[in-house]
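# Remarks on the overall topology
One-letter residues, chain by chain:
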Amino acid sequence: GLKCWGHNDFGQLGTGNNNNRSTPVDVKDLTSGVAAVSAGRYHTCALTSVGGVKCWGNNYLGRLGDGTTTNRSTPVDVSGLTSGVAAVSAGVYHTCALTSVGGAKCWGDNAFGRLGDGTTTNSSTPVDVSGLTSGVASVSAGGYEHSCAVTTSGGMKCWGYNGYGQLGDGTKIDSLTPVDVSDLTSVVAAVEVGGWHTCAVTASGGMKCWGSNDSGQLGDDTTTHSLTPVDVSGLTSVVAAVSTGVHHTCAVTTSGGIRCWGRN
């Protein structure tokens, strides 16, 4: 089952109304059959146990993926994705999904090319990410204006806004289609997209981050933005998982500890 709580001005709690809640409440029609959940800024999406995706909340520019731009206070099916989905990631203005055959699809606001389909045309239904219709292991759309994917070969690609170097290709040039992250073509185990930075866990348990570093969220003991991946200080071989916020980052270590850095 799925429960949500907090701010609910756009119906992002999925309760059928816009009342804020300070304790967990059931999401309507999702009291069972849920496999995973991802919360964006003003919308929420769930992966069902049968491999479908449902979203609710703010639907500005089609981020719910139901073919409309109508806000929803209860879950609606994402068009064409009622089955065959392995994972979902809700960003601030857009959403992406990994299909069970290893493809990446995105929908919603496409400013800066964050949907990765080679255009800047918004889409209220899922579109294929260019060049990534197969061979994708995971996808992350958690930030404002860019997205990233890990390939089954351990490589990493990102697309969208690149003003802080968050695509990791050594430039500040936005990309409407996926570009390779420098020096991470075969060693990536997981990726997490932050507000304007990106972090990856390597197959050896190391961690690298790149992009905006105004609050030290890259963890390299500086506040200098980086256009390419830099090692996180003290975390070169012990990382099991990572989660990125807008101005801070956290990692779970292989010994079960947790470390965080950035804005405090």
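Conventions adopted
- Residues numbered from 1 in each chain as written.
- Predicted model: local features only at pLDDT ≥ 70, side-chain atom pairs only at ≥ 80, totals over all residues.
- Heavy atoms only, no water.
- Helix = DSSP H or I, 4+ residues; strand = E, 2+ residues; numbered from the N terminus.
- Buried < 20%, exposed > 50% of the residue type's maximum accessible area, 1.4 Å probe, protein only.
- Disulfide = S-S within 2.5 Å.

### So, unusual backbone geometry
- Positive phi, normally seen in glycine, also occurs at Leu61, with a value near 60 degrees.
- You can see Leu61 is positioned in the loop between β5 (53–57) and β6 (72–77).
- Looking at Leu61, the relative accessible area reads 22%, which means it is partly exposed.
- Positive phi, close to 70 degrees, is recorded for Asp221, a residue that is not glycine.
- Within the fold, Asp221 resides in the loop between β17 (207–211) and β18 (226–231).
- According to the relative accessible area criterion, Asp221 is exposed, its value standing at 74%.

### Section: the state of the cysteines
- Taken as a whole and assessed by the stated rule, the structure comprises five disulfides.
- Residue pairing for Cys199: its cysteine sulfur links by disulfide to Cys209, the two sulfurs lying 2.1 Å apart. Its S-S torsion of approximately 110 degrees makes the covalent link between Cys199 and Cys209 right-handed. Taken together, the positions of Cys199 in strand β16 (residues 197–202) and Cys209 in strand β17 put the pair 10 residues apart, joining distant regions of the chain.
- Taken in sequence order, the bonded cysteines of the protein chain link in the pattern 1-2, 3-4, 5-6, 7-8, 9-10.

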